[in-house]
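As a plain string of letters, each chain reads:
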Amino acid sequence: MEEPLPTQQRRRFLQMILGALGVALAALFGWPIFRFLLPPGGDDGGGAISLPRDIVAVGKAHFFDFQGRPAVLIAPAAGEYLALSAVCTHLGCIVKWVADQDEFLCPCHGGRFAPDGRVLGGPPPKALESYAVTVDGDQLLVSQKRVV
Ligand code: FES
């Protein structure tokens with residue numbers, strides 16, 4: 001039996017290194033794509049979250065994370081609460097609450113939304129996604145709206 005030549009050994013070693021590098025790069029770039037394709041919130045069946053009722057004052061907004069995505073809670077009037085996705089429906093920028101104009105403004109292309117999420121102007125094609133808010137004592141339960 002012949003011993004492999006040093007050149008063949010070197011070639012095999014380089015092939016192994018390149019193969020390992022290829023696997024590492026595929027994992028590095030493939031993981032974010034895989035995470036992007038997963039539905040938000042996993043399998044928690046709506047994943048209601050609880051927020052203290054006093055976390056938002058009338059006319060103010062409180063931004064929070066809902067199922068891995070930015071969301072916002074506002075209180076248009078005493079005892080009245082609305083929860084919306086804070087992701088603009090145009091190209092996905094995060095909207096800001098402009099209290100003195102009583103509306104959401106998207107800083108990217110000037111999209112404007114009413115406190116209930118309706119489009120008031122600009123390029124967004126549809127309203128902000130809204131969530132269900134239930135008052136439970138001094139807590140607010142925010143959950144996905146059930147589609148019937
Ligand atoms: S991303 Fe919001 S208006 Fe374009």
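Cut-offs and rules
- Residues numbered from 1 in each chain as written.
- Predicted model: local features only at pLDDT ≥ 70, side-chain atom pairs only at ≥ 80, totals over all residues.
- Heavy atoms only, no water.
- Pairing = 2+ DSSP bridges.
- Helix = DSSP H or I, 4+ residues; strand = E, 2+ residues; numbered from the N terminus.
- Salt bridge = Lys/Arg side-chain N within 4 Å of Asp/Glu carboxyl O.
- Buried < 20%, exposed > 50% of the residue type's maximum accessible area, 1.4 Å probe, protein only.
- Phe/Tyr/Trp six-rings, centres within 6.5 Å; stacked < 30°, edge-to-face > 60°.
- Polar contact = N/O pair within 3.5 Å; in protein donor to acceptor, adjacent residues only side chain to side chain.
- Contact = heavy atoms within 4.5 Å.

Caption draft 1: Up close: the pairing of strand β2 (residues 61-66). Pairing geometry for β2 and strand β3 (residues 69-77), over 6 bridges, is antiparallel. Bridging from a neighbouring strand, F63 pairs with V72 of β3. Hairpin remark: β2 followed by β3, antiparallel, with 2 residues in the connecting loop; positive phi at Q67, about 55°.

Caption draft 2: Here's a closer look at the pattern of salt bridges. In total, this model carries 2 salt bridges according to the counting rule given. Note that E103 is salt-bridged to R112, the shortest N-O span being 2.8 Å. R118 serves as the salt-bridge partner of D116, at 2.9 Å between the closest nitrogen and oxygen. Among the residues examined, D116 registers a relative accessible area of 36% and is labelled partly exposed. Assessed through its relative accessible area of 47%, R118 is described here as partly exposed.

Caption draft 3: Seen up close, the packing of aromatic side chains. As enumerated under the stated definition, the model contains 3 aromatic pairs in all. Grouped by ring-pair contacts, the aromatic residues F64, F66 and Y131 constitute a single cluster.

Caption draft 4: Structural context of the pairing of β3. Of the pairings in the sheet, the one linking β3 to strand β4 (residues 80-85) comprises 5 bridges and is antiparallel in character. The residue of β4 that forms the bridge with L73 is A83. Between β3 and the antiparallel strand that follows it, β4, lie 2 residues; G79 among them carries a positive phi value of about 75°.

Caption draft 5: Layout of the side chain of E103. Summarising the element assignment, E103 is placed in strand β6 (residues 103-105). On the accessibility criterion, E103 (6% relative accessible area) is buried. Within the structure, E103 has its side chain in polar contact with the side chain of R112 (distance 2.8 Å). Sequence-distant contacts of E103, defined by excluding residues within four places in its chain, comprise K96, W97, V98, R112, F113 and L120.

Caption draft 6: Looking closely at unusual backbone geometry. Residues other than glycine seldom take positive phi values, yet Q67 does so here, at roughly 55°. With respect to the helices and strands, Q67 occurs in the loop between β2 and β3. Located in the positive-phi region is D102, a residue other than glycine, with phi close to 55°.

Caption draft 7: How the structure looks around the sheet that holds strand β5 (residues 96-98). Pairing within the open sheet is antiparallel, and its 4 strands lie in the order β5-β6-β7-β8. Strand pairing shows two members of the sheet lacking a second neighbour, β5 and β8 (119-121), which therefore form its edges. Taken together, the 2 bridges between β6 and strand β7 (residues 112-113) define a ladder with antiparallel strand orientation. By the bridge assignment, L105 is partnered in β7 with R112.

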